[in-house]
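One-letter residues, chain by chain:
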Amino acid sequence: MKTTSKIIILLLILMLFSTFSLANEEVDSLIHQINISSGIKKIDAHLELSFYCRRSNFDISVKQASIALQEAQKINNLELQAQALYYLGLANHYNDTDEKAMKYFSKALVIAKKTNKTKLLGELYYFIGSIYYLAYSDENEALVNYNKSVQYSLIANNYRILGAVYSSLSNMFRISGSYEKALEFLYKSRDNYTLSGFQDGIAWVNYMTGTLYSTIGLFEEAEKSFKEALEIYLKLAAIDGNMNGVAICYDQLGVINTDMNNEELARNYNQDALNLHTQSGSKFGISNSLKYLARIEYFSENYDAALIYLDSSLTIKRTTNEQKGYASIYELFGLIFIENNEYSRAIDSLEMGLYHAHLNNQLKNIMNMNKHLAKIYNSLGQYDKAYNYKSHEVSIADSIYNSNITRNMLQLETLYKIEQKEDQIKQLEQENFIQELSLFRETNLRNFLIGILFLLSIIIFMVVYLYRAKQRANIELAKSKKQVDEINATKDKFFSIISHDLRSPFNSILGLSNLLKENSRKYDADKMEKIISAIYKSSHASYALLNNLLEWSRTQTGSIKFSPESFILIDVVKDVMDLLSNNAAQKDVHVSYETKSLSLYADKNMIHTILRNLVSNAIKYSKPGGRIQINYNQDDTQTLISVTDSGIGIDQASINRLFRIEDTYQIDGTAGEKGTGLGLIICKEFIDMHHGKIWVDSELGKGSTFHFTIPDVI
Ligand code: ADP
């Protein structure tokens, strides 16, 4: 460690060298700024330089602030006057001339109150509080001022000063034995310093945390905190050249290593600290390092050396009137005298220490002093006195460890509670804000999801719709394809009928009439009659064919009007029989029909055509002597009409070909009557228009029954 520590010091000196030149550069640039500017800007530059030198160069700092004050007074600028007075106070405070500092701060305070500068007020109250505590040992006044500082600094969001106030309060708690509170204030201090980004402050809080742990005997934790503080102070020293932070860390590392019986290491730390304090000229630091070195020598039983260090330390503290430091020095004197068996000197020193410890409310010192005195009186056999001191020691120990709060501490407690409330309010506000934010986010998310759902449903709907439309289109396509096929078949059929069926009767008509034309004078009357009747037959067939063709084509072009009406079925049957009875008679076929009177709601002409076709077919395919029966049956939903004959019948394969235009089936009648092959197709068309059905039951050679139905509701 010794070599390491030497290397560190060397490095630091090197760093210091470079940082001093940096610091000089900074000062030069500020002086340049003063020279080139004028008016308020010039005053600002003076102030800036004063602030920059407040710790490092008292003279420059005071001079610059004084110039700024004069200039500000000339132009009657209160704000700048207050700032200049504040900086004059700061320079004096860091110069340990606190009386003067107090005067300047008080003057600045008057103006700051007038102009209501909350930030400045918070800062002034902090420094005034610190002077009351550190220089005047007036805890009450210190607390009053710290309290005000907190209030103004909270308004001004001055986290840096809040950090400083809390760390000072923590210090007060620690010294008076309220360690938990001390730690809580350290946390608050650290939070505020972190918020302000003030590294110096964070380092200081680490240092104070170390001190607190050290006070309660947690040396390893203390060492960790001091090293954390040291790390930051070293970085800062590299920037501003101020080694004070590094030195105080060394000092405390020395102290705890003494407590952990690492005297050699401790000696190095405190000696290094002493060197740094000497370089910076800090009397406070020097006297402390000497005290700590004395302590090491005391633990190492080098009592003479310890006394020399201690004498030097006390002398310096007396010159600076640092009364807070007296108690621990007198305590150490007492301890050394005890070891030397100089009890009366020991008692004197300890009583002196006790007096100062009481003065400064240094509870732990008071307790220790009582402990040592009890021990001495015990050794001297003065048990009454020994008992008194011991009971004091115990009661103080109780008050320390039970965190028994004094009147002053109660004030601090109040302050702490105010703080807590403000924190709670802030926290509540924060929570509220977070809640609102999350509510807002939830609503947004919900709306977003609803939007997505809505979009999805639209997409699903569109997909289904398009799918359906496509399906419909496919069906329509299939339908129209079927229609096209049918139309094509119809057209084919049409041409085949015209080219074939209609041509052959005309052929015979033309052939026969030509015979007549050529041989009219040659043929006798009989022959002539035969030929003329053949012409008539062919003409008749052609006419029937043309009629059917016409009727069928009308069904195909939609020009037949469907007009249903109520009528008596038997009337239509009779009409049909009137037309066909001759045919039947010629073929010796007997037709009979039911005479019951049924009412039918249908297209009368169509029913007429259907019946005519069916009965005429029955006659056509009946042999002489055949019988034909027309029946009808009506139920709740429809009327069934059947035409039964005892004719040639139809085989099953041919039945399947009936009613289809694309595949017509046709044979001649029993008396060679020519057919058209269109009759049944026309029948089916008409029955379809009524939403009815047509079918046939037939057996080859035995006869056929053609059925068709007409529903009641068409
Ligand atoms: P057409 O009788 O003018 O040839 P249809 O369409 O009326 O045309 O009849 C088609 C075919 O059905 C006929 O050629 C015949 O072969 C058969 N057919 C129709 N009615 C009967 C029936 N009552 N008995 C036997 N065959 C029939």
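Coordinates for the structure precede this section.
Report on the accompanying structure. (Residues numbered from 1 in each chain as written. Predicted model: local features only at pLDDT ≥ 70, side-chain atom pairs only at ≥ 80, totals over all residues. Heavy atoms only, no water.)

Next up on the list: the site of the ligand. Close to the ligand lie 19 residues; N617, Y621, D645, I667 and T676 are nearest. Contact between the ligand and K620: an oxygen atom at 2.9 Å from a side-chain N or O atom of the residue. Isolated, the ligand exposes 530 Å² of accessible area, and the fraction of that covered by the protein chains is 97%. Elements supplying a minimum of two residues to the shell around the ligand: helix 24 (604-620), helix 26 (679-689) and strand 7 (703-711). Here the shell around the ligand takes 3 residues from helix 24, the largest share from any one element. Among the residues making up the shell around the ligand, the classes are represented as 9 nonpolar, 8 polar and 2 charged. (Near = heavy atom within 4 Å. Polar contact = N/O pair within 3.5 Å; in protein donor to acceptor, adjacent residues only side chain to side chain. Areas by Shrake-Rupley, 256 points an atom, 1.4 Å probe, with all protein chains shown as cover. Helix = DSSP H or I, 4+ residues; strand = E, 2+ residues; numbered from the N terminus. Nonpolar A, V, L, I, M, F, W, Y, C, P; charged D, E, K, R; others polar.)

It is worth spelling out a nonpolar patch on the surface at this point. There is a patch of nonpolar side chains on the surface, built from L445, F448, L449, I452, L453, L456, I460 and V464 and spanning about 760 Å² of accessible area. Position of I460 relative to the elements: it lies in helix 20 (residues 407-501). (Patch = residues over 30% accessible without salt bridge, like charges linked within 9 Å, V, L, I, M, F, W, Y side chains within 5 Å. Salt bridge = Lys/Arg side-chain N within 4 Å of Asp/Glu carboxyl O.)

Glancing now at the pattern of salt bridges. What the rule picks out here adds up to 16 salt bridges. Among the salt bridges present, the one from E123 reaches K119, with a minimum N-O distance of 3.3 Å. Highlighted residues: E123 and K119, both in helix 6 (residues 118-134), separated by 4 residues, approximately one helical turn. Of the residues examined, K119 reaches a relative accessible area of 48% and is grouped as partly exposed. Among the ionic pairs, D259 bridges to R295, the shortest N-O distance being 2.6 Å. Of this pair, D259 sits in helix 12 (residues 244-259) while R295 sits in helix 14 (residues 283-299), placing them 36 residues apart in sequence. (Buried < 20%, exposed > 50% of the residue type's maximum accessible area, 1.4 Å probe, protein only.)

Turning our eyes to something else, we now look at the packing of aromatic side chains. Throughout the structure, instances matching the rule amount to 22 aromatic pairs. On the numbers, 4.9 Å between centres and 65° between planes, the contact of Y126 with F127 is edge-to-face. Residue Y126 shares its accessibility class with F127, and that shared class is buried. Taken together, a centroid distance of 5.6 Å and an interplanar angle of 80° make the contact between Y132 and Y136 edge-to-face. With relative accessibility at 32%, the residue Y136 sits in the partly exposed group. By way of ring pairs, the aromatic residues F51, Y86, Y87, Y94, F105, Y126, F127 and Y146 are connected into one cluster. (Phe/Tyr/Trp six-rings, centres within 6.5 Å; stacked < 30°, edge-to-face > 60°.)

With that out of the way, let us pick up the nonpolar core. Residues Y86, F105, L124, Y146, L169, Y233 and V246 are the most contacted members of the largest nonpolar core, which totals 77 residues. The residues contacting Y146, other than those within four sequence positions of it, are Y125, Y126, G129, S130, Y133, V165, S168, L169 and M172. Counting 48 residues, the second largest nonpolar core, distinct from the first, contains V572, L614, I630 and I694. (Core = buried A, V, L, I, M, F, W, Y, C linked by side-chain atoms within 4.5 Å. Contact = heavy atoms within 4.5 Å.)

Read across the open sheet, the 5 strands follow the order 2-4-5-7-6; overall the sheet is mixed. Each having just a single partner strand, strand 2 (590-593) and strand 6 (694-699) make up the two edges of the open sheet. Between one strand and the next, the sheet's axes are offset by a mean angle of 15°, whatever the strand orientation. Judged from the 7 bridges that link them, strand 5 (residues 638-645) and strand 7 form a sheet pairing that is antiparallel. Across the sheet, I641 pairs through a bridge with F708, a residue of strand 7. Contacts from helix 23 (residues 569-586) reach strand 2, strand 4 (627-634) and strand 5 within the one sheet, and its direction differs from that of strand 2 by about 175°. (Pairing = 2+ DSSP bridges. Axes fitted to C-alpha atoms, helices over the stretch in contact; angles between N-to-C directions.)

What follows deals with helix 23. Given a rise of 1.5 Å per residue, 18 residues ought to cover 26 Å, and the 26 Å separating the end C-alpha atoms of helix 23 matches this to within 8%. Roughly 50° is the biggest bend found in helix 23, and it falls at L580. Listed as buried for helix 23 are L569, I570, V572, V573, V576, M577, L580 and A584. Taken together, the buried residues of helix 23 touch strand 1 (565-568), strand 2, strand 3 (599-602), helix 24, strand 4 and strand 5. In the segment just after helix 23, D588 is the residue with positive phi, at about 55°. (Expected span 1.5 Å × (residues − 1). Bend = angle between axes of the 7 residues up to and from the residue.)

In short, shape yes, function no, at least from these values alone.
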